[in-house]
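# Architecture and fold: a report
Single-letter residue listing:
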Amino acid sequence: MLFTSVVATVAMNTAIVIQDQSSMLSAPKDSARQQAILWSGELVEVRGEKQNYLQIYDYKRERPGYILKSKVKTLNLSEQEAPQLLSALRYVQYQDNSEALSIGIAAAWLQSATTNVINGSEGAEVFNILGLKAQQLADKASRDIQLGNYAAARQAAYFDVVKGYGVKFNSYEYGDKIRVCYGGEAFRRVLALPATDEQKADAAIALTRSECSDPNLSVTDKQIVNQWQADILDKVDDTKLPAWKANQIKLRRAIVWSNLAFRRTLMEKEEAGKTATMAAENAIVSLAGVNKEELIESDLKDYNNAIMAVNASRWALLPKNNSPLTKAGKNLYVEVIPKETGESCVTLLDEKHNLEKHLAQRCTFSKVWLSSATKNKENTALSIAVQPTEQWRELWVFYKKGDNWDINILPPAPSTPDIGYAEFAGWVPGGKKILVAQEARSEGKYYPARYIIMDIGSLSAERQHNTSSELGAFKRWQDPSWKQQSVSIR
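Residues numbered from 1 in each chain as written. Predicted model: local features only at pLDDT ≥ 70, side-chain atom pairs only at ≥ 80, totals over all residues. Heavy atoms only, no water.

As recorded in an unreviewed UniProt entry, the protein chain goes by SH3 domain-containing protein and comes from Entomomonas moraniae.

### Side note on the packing of helix α3 (residues 99-112) against helix α6 (residues 149-163)
At a minimum axis separation of 9 Å, α3 and α6 run at an interaxial angle of 10 degrees. As judged from the angle between their axes, α3 and α6 are roughly parallel. Contacts between α3 and α6 involve Glu99, Ala100 and Ile103 from the former and Tyr158, Val161 and Val162 from the latter. (Axes fitted to C-alpha atoms, helices over the stretch in contact; angles between N-to-C directions. Helix = DSSP H or I, 4+ residues; strand = E, 2+ residues; numbered from the N terminus. Parallel < 35°, antiparallel > 145°, perpendicular 65-115°, else oblique. Contact = heavy atoms within 4.5 Å.)

### Topic: the environment of Ala360
When you line up the elements, Ala360 lands in strand β12 (residues 360-364). The exposure class of Ala360 is buried, given its relative accessible area of 10%. The sequence separation of Ala360 and Asp406 amounts to 46 residues, and the corresponding C-alpha distance is 6.8 Å. What Ala360 contacts, discounting residues up to four positions off in sequence, is Val346, Thr347, Leu348, Phe398 and Trp405. (Buried < 20%, exposed > 50% of the residue type's maximum accessible area, 1.4 Å probe, protein only.)

### Considering the nonpolar core
If you look at the biggest cluster of nonpolar residues, it comprises 48 residues, and the most contacted ones within it are Trp109, Val167, Phe169 and Tyr182. Those elements that provide at least two residues to this core are α2 (82-92), α3, α5 (121-142), α6, β9 (177-182), α7 (185-192) and α8 (197-206). Ranked by the residues each element gives to this core, the list is headed by α3, at nine residues. Composition of this core by domain shows at least three residues from each of domain 1 (14-75) and domain 2 (79-216). Residues in contact with Phe169, not counting those within four places in the same chain, are Ala134, Leu137, Ala138, Phe159, Val162, Lys163, Val180, Cys181, Tyr182 and Gly183. (Core = buried A, V, L, I, M, F, W, Y, C linked by side-chain atoms within 4.5 Å. Domains from an automatic or database assignment.)

### A short note on the pattern of salt bridges
Following the criterion strictly, the structure yields 22 salt bridges and no others. A salt bridge links Asp139 to Arg179; the nearest nitrogen and oxygen atoms lie 2.6 Å apart. Within this pair, whereas Asp139 is found in helix α5, its partner Arg179 is found in strand β9, the two being separated by 40 residues in sequence. Exposure remark for Asp139: the relative accessible area of 21% places this residue in the partly exposed category. Among the residues examined, Arg179 registers a relative accessible area of 18% and is labelled buried. Taking the shortest distance from any N to any O, the salt bridge between Lys433 and Glu462 comes out at 3.7 Å. (Salt bridge = Lys/Arg side-chain N within 4 Å of Asp/Glu carboxyl O.)

### Notes on the packing of α3 against α5
Taken N-terminus to C-terminus, the directions of α3 and α5 make an angle of 155 degrees; their axes are 9 Å apart at the nearest point. Considering the angle they form, α3 stands roughly antiparallel to α5. Judged by the twist between their axes, the crossing of α3 over α5 is left-handed. Residue-level inspection shows Glu99, Ser102, Ile103, Ala106, Trp109 and Leu110 of α3 in contact with α5, the latter providing Glu122, Gly123, Val126, Phe127, Leu130, Lys133, Ala134, Gln136, Leu137 and Lys140. Per-class residue counts for the contact of α3 with α5 are nine nonpolar, three polar and four charged. (Left-handed = near helix turned anticlockwise from the far one by under 90°. Nonpolar A, V, L, I, M, F, W, Y, C, P; charged D, E, K, R; others polar.)

### Describing the domain arrangement of the protein chain
For the protein chain, the domain assignment lists domain 1 (14-75), domain 2 (79-216) and domain 3 (327-485). Its C-alpha centre places domain 2 at a distance of 45 Å from the equivalent point of domain 3.

### As for α6
Between the first and last C-alpha of α6 there are 21 Å, a value that for 15 residues agrees with the 21 Å anticipated at 1.5 Å per step. Taken together, the buried positions of α6 are Arg154, Gln155, Ala157, Tyr158, Phe159, Val161 and Val162. The inward-facing, buried residues of α6 abut α3, α5, β8 (169-174) and β9. (Expected span 1.5 Å × (residues − 1).)

### Thoughts on the confidence of the model for the protein chain
Considering every residue of the protein chain, the mean pLDDT works out to 91; 93% of them sit at 70 or more. Segment residues 3-10: pLDDT under 50, and 21 contacts once partners within four positions in sequence are set aside and those in other chains are kept. (pLDDT = per-residue confidence, 0-100.)

### Details of the pairing of strand β11 (residues 344-349)
In terms of burial, β11 is largely enclosed, as six of its six residues are buried. Side chains Ser344, Val346 and Leu348 of β11 all project onto a buried face; the interleaved residues Cys345, Thr347 and Leu349 project onto the opposite face, where all are buried too. The sheet contact formed by strand β10 (residues 333-338) and β11 spans six bridges and is antiparallel. Residue Ile337 lies in a different strand from β11, and its bridge partner there is Cys345. Following β10, the chain reverses through five residues before pairing antiparallel with β11; Gly342 in that reversal takes a positive phi of roughly 100 degrees. (Pairing = 2+ DSSP bridges.)

### A few points about the sheet that holds β12
Strand order in the open sheet made by the three strands is β10-β11-β12, with antiparallel pairing throughout. Either end of the sheet is taken by a strand with one partner, and the two such strands are β10 and β12. Taking each pair of neighbouring strands and ignoring which way they run, the sheet shows an average axis angle of 20 degrees.

### Re the state of the cysteines
Throughout the structure, instances matching the rule amount to two disulfides. The disulfide bridge from Cys181 ends at Cys212, spanning 2.1 Å between sulfur atoms. Its S-S torsion of about -85 degrees marks the bond between Cys181 and Cys212 as left-handed, since a negative value means left-handed. Taken together, the residues span a long stretch of sequence, with Cys181 in strand β9 and Cys212 in the loop between α8 and α9 (219-234) at a distance of 31 residues. The same class applies to Cys181 as to Cys212, namely buried. One disulfide in the model links Cys345 with Cys363; its S-S distance is 2.0 Å. (Disulfide = S-S within 2.5 Å.)

Have a look at this one:
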């Protein structure tokens, strides 16, 4: 159980190390041999005192030694000491590189305070700080930067210290990168305690981070996790929060509900379509509720992510077979043929070509949004939205090439799928060009929203701008339904 393993062994006559790289010496003098290097937040047992040194025993290293009194703060872990520890925690949490020390003080407070106090508002405060510091430590480890020797040693030592208190972390592989995430137990405790609205908001946001979802979960388990995330976010009363904090909750709801919309469309059950539509509606309503004037700069990334996530799954709003291009008898239409392998085959047909002799076909394990199918007036091109993951939607374009048909696939960015969309925005008369909107974040790089006039045959950009109104083709030929339904335009 959290914190009990170490604290219980040194419940009396304890000291917490308050300075990094404090030397534990073999004798009470500066010239003595160094037994070990201690880092802030570590707890040691005090067994005596000599001159300006404390005689200590380090249970983790199973080694006795001496340490300067100025390097530690002695504790008696009594009920009377709890208020002092909480005061210290409130101050220390704001210092740089205080993750291990803050968690160490929090652990000492939990050992000192009574059960009633721990289960009250002060307990919620301590668990909230503990969770935030653990998350901070995990975020530092996930940064894609090269640390110096000292910083790398400190980071490794801090992890060692806080793991000793029972704080757990998870590591996930995303391509060639490792994402370290705090396990979240302290935040779950916050939600169960009489916490303030802001503390509950912090906990809900921390427990619903997309980047900390296990990528190896099954489709069913991912949906269960998404539903749990949606539930805890919906329990936060954002009307009692400052506008900027309420924005954070709404942005996270938008992302989680859009993920859930995608997950539900993958279900085979008949009612899945309705619940997916409801989830997509919730995502759009949450995004629409963001007060952009109160959006703080550090939340701009989440704002863009929410827009991309909601846009990626927005086709869940429409009925499955809403497209007029799915019925035979039209000049050009598509059907999606399921295979026993689980693939869906997007099949291009016209009145002269049936499923056996189709114009073109491409199969995929991705979600095919049949409702998105649209063709140009010349009947020389047809586009359809295809979504491989919950936050990544591609644009497929079938086009006539001489007497045959071919297909181009436009991803949101030329990189590993992460979050983003590439979507149809209109046809340019003449049958040679298509209007496209594109935005993505992948492999640590953000590709801002851009509006593009593309050649249908090559999907190469002829003109583009970060504002659609700056392109004459968008003013004249943007598709009305795209303008009405897409959230790409801020």
